[in-house]
Amino acid sequence: MKLPVWIAGVVAALLLLLGSVYTVSEGQGAIVLNLGRVVRTDIGPGLHFKWPLIETARVFDRRLQVLDAEPERYLTSERKDVSVDFFAIGRIDDLRAFYRATAGDEETAVKRLAPIIVDALRNEINQRTLSEVVSGDRAHIVQRQLAAINVGAATLGVKIIDLRIKQIDLPTDSQVIDQVYRRMRAQRQQVASKLRAEGEEAAQQIRANADRDRQVIVAEAERDAQKLRGEGDAEAARLYAQAANKDPAFYAFQRSLDAYRASFAGGDSVIVLDRDDPFLQYLKNDR
């Protein structure tokens, strides 16, 4: 049983209508090809129409994408190896250029974009020392080359919004790690030697100050002691003189007793004197 002609016409019309309508979602962009030639580009979100059979619509994701590349090895200005792991954040900026450069294949775009980033980072790292690369400002390294990267990325219709360095390592198959460790040990030993020298210098200064202070204190104490002894001797002399003036005989008698006491303090002293020696005066008579 043959289908009525009108049914076939309706079906054909529906097929043609479906073939002439396409949609672009939010965050996407589209181009229209007429027999393989780009006739319309940068088509935004919405419902759109094209000529059926002879025109084809290609829809691409224009949202930010992350390009995660394999770690690359670079040489610093000192000819030291470093391994740099990075990732880029970008999006399709020019649909026409993107399609012409990659035929709309995102993997092709990634493969062609990675060498551009790698070469830009190499130019920057080659100008820096190992210390500057490892401990320096990574954002500064990236920002200096981001404009140059976008010049190359523009040929692919892509724009790199940001580039981040995830990790910088020293290759385990090179002598860089040993050299770095030796340099670190030498630097720590240098710092330790400097601290020891400064500590010894400070200790000598402290000892010198302490010796000077001790000498000053001893000298001042000796001065004060001599002053006190002098004042005490003067006071004693004054008292002796005062006592002598009051009773000269008693003063002489007291001084003689002191002399006797000092002479025979040991208990076994022997003194040989003349009978009339004045020293024996008070042993004979108390006057």
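Data block above holds the structure.
Residues numbered from 1 in each chain as written. Predicted model: local features only at pLDDT ≥ 70, side-chain atom pairs only at ≥ 80, totals over all residues. Heavy atoms only, no water.

Caption draft 1: Examining helix α2 (residues 95-102) more closely. Those residues of α2 that sit buried are Leu95, Ala97, Phe98, Tyr99 and Thr102. Backbone nitrogen of Arg96 and a side-chain oxygen of the N-cap are separated by 3.2 Å at the start of α2; the cap is Asp94. Ala103 sits one or two positions beyond α2 and adopts a positive phi of about 60°. (Buried < 20%, exposed > 50% of the residue type's maximum accessible area, 1.4 Å probe, protein only. Helix = DSSP H or I, 4+ residues; strand = E, 2+ residues; numbered from the N terminus. Polar contact = N/O pair within 3.5 Å; in protein donor to acceptor, adjacent residues only side chain to side chain.)

Caption draft 2: Fine view of the pattern of salt bridges. Applying the stated rule across the entire model yields 12 salt bridges. In this structure, the salt-bridge partner of Arg91 is Asp93, at a minimum N-O distance of 3.4 Å. Asp93 gets classed as partly exposed once you look at its relative accessible area, which sits at 37%. Of the charged contacts in the structure, one is a salt bridge between Glu235 and Arg238, with a shortest N-O distance of 2.4 Å. Of this pair, Glu235 and Arg238 both sit in helix α6 (residues 176-246), 3 residues apart, which is roughly one turn of the helix. Of the residues examined, Glu235 reaches a relative accessible area of 34% and is grouped as partly exposed. Relative accessible area serves as the criterion here: at 43%, Arg238 is assigned to the partly exposed category. (Salt bridge = Lys/Arg side-chain N within 4 Å of Asp/Glu carboxyl O.)

Caption draft 3: How the structure looks around helix α5 (residues 138-154). Here α5 contains 17 residues, and its C-alpha end-to-end distance of 24 Å stays within 8% of the 24 Å for a straight helix at 1.5 Å per residue. If you look at α5, its biggest bend is around 40°, right at Leu146. Buried residues belonging to α5 abut α3 (106-125) and β9 (158-169). (Expected span 1.5 Å × (residues − 1). Bend = angle between axes of the 7 residues up to and from the residue. Contact = heavy atoms within 4.5 Å.)

Caption draft 4: Representation of the nonpolar core. Core analysis: the biggest nonpolar cluster contains 35 residues, and Tyr74, Phe86, Leu113, Ile117, Ile160 and Leu163 have the highest contact counts within it. Counting residues per element, this core draws most heavily on α3, at 7 residues. Formed by 5 residues, the second largest nonpolar core is a distinct cluster that contains Tyr22, Val24, Ala30 and Val32. (Core = buried A, V, L, I, M, F, W, Y, C linked by side-chain atoms within 4.5 Å.)

Caption draft 5: Structural view of the packing of aromatic side chains. A complete count under the given rule lists 1 aromatic pair for this structure. Where Phe60 meets Phe98, the ring centres are 5.6 Å apart and the plane angle is 80°; that geometry is what we call edge-to-face. On the criterion of sequence distance, the pair formed by Phe60 in strand β5 (residues 55-61) and Phe98 in helix α2 is long-range, its members being 38 residues apart. In this structure, Phe60 and Phe98 share a single accessibility class: buried. (Phe/Tyr/Trp six-rings, centres within 6.5 Å; stacked < 30°, edge-to-face > 60°.)

Caption draft 6: Structural view of the packing of α3 against α5. Where α3 meets α5, the axes come as close as 9 Å, and the angle between the chain directions of the two elements is 145°. For the pair α3 and α5, the crossing hand works out as right-handed. Contacts between α3 and α5 involve Leu113, Ile116, Ile117, Ala120 and Glu124 on the former and, on the latter, Ile141, Arg144, Gln145, Ile149, Gly152 and Ala153. Looking at side-chain class alone, the contact of α3 with α5 contains 7 nonpolar, 2 polar and 2 charged residues. (Axes fitted to C-alpha atoms, helices over the stretch in contact; angles between N-to-C directions. Left-handed = near helix turned anticlockwise from the far one by under 90°. Nonpolar A, V, L, I, M, F, W, Y, C, P; charged D, E, K, R; others polar.)

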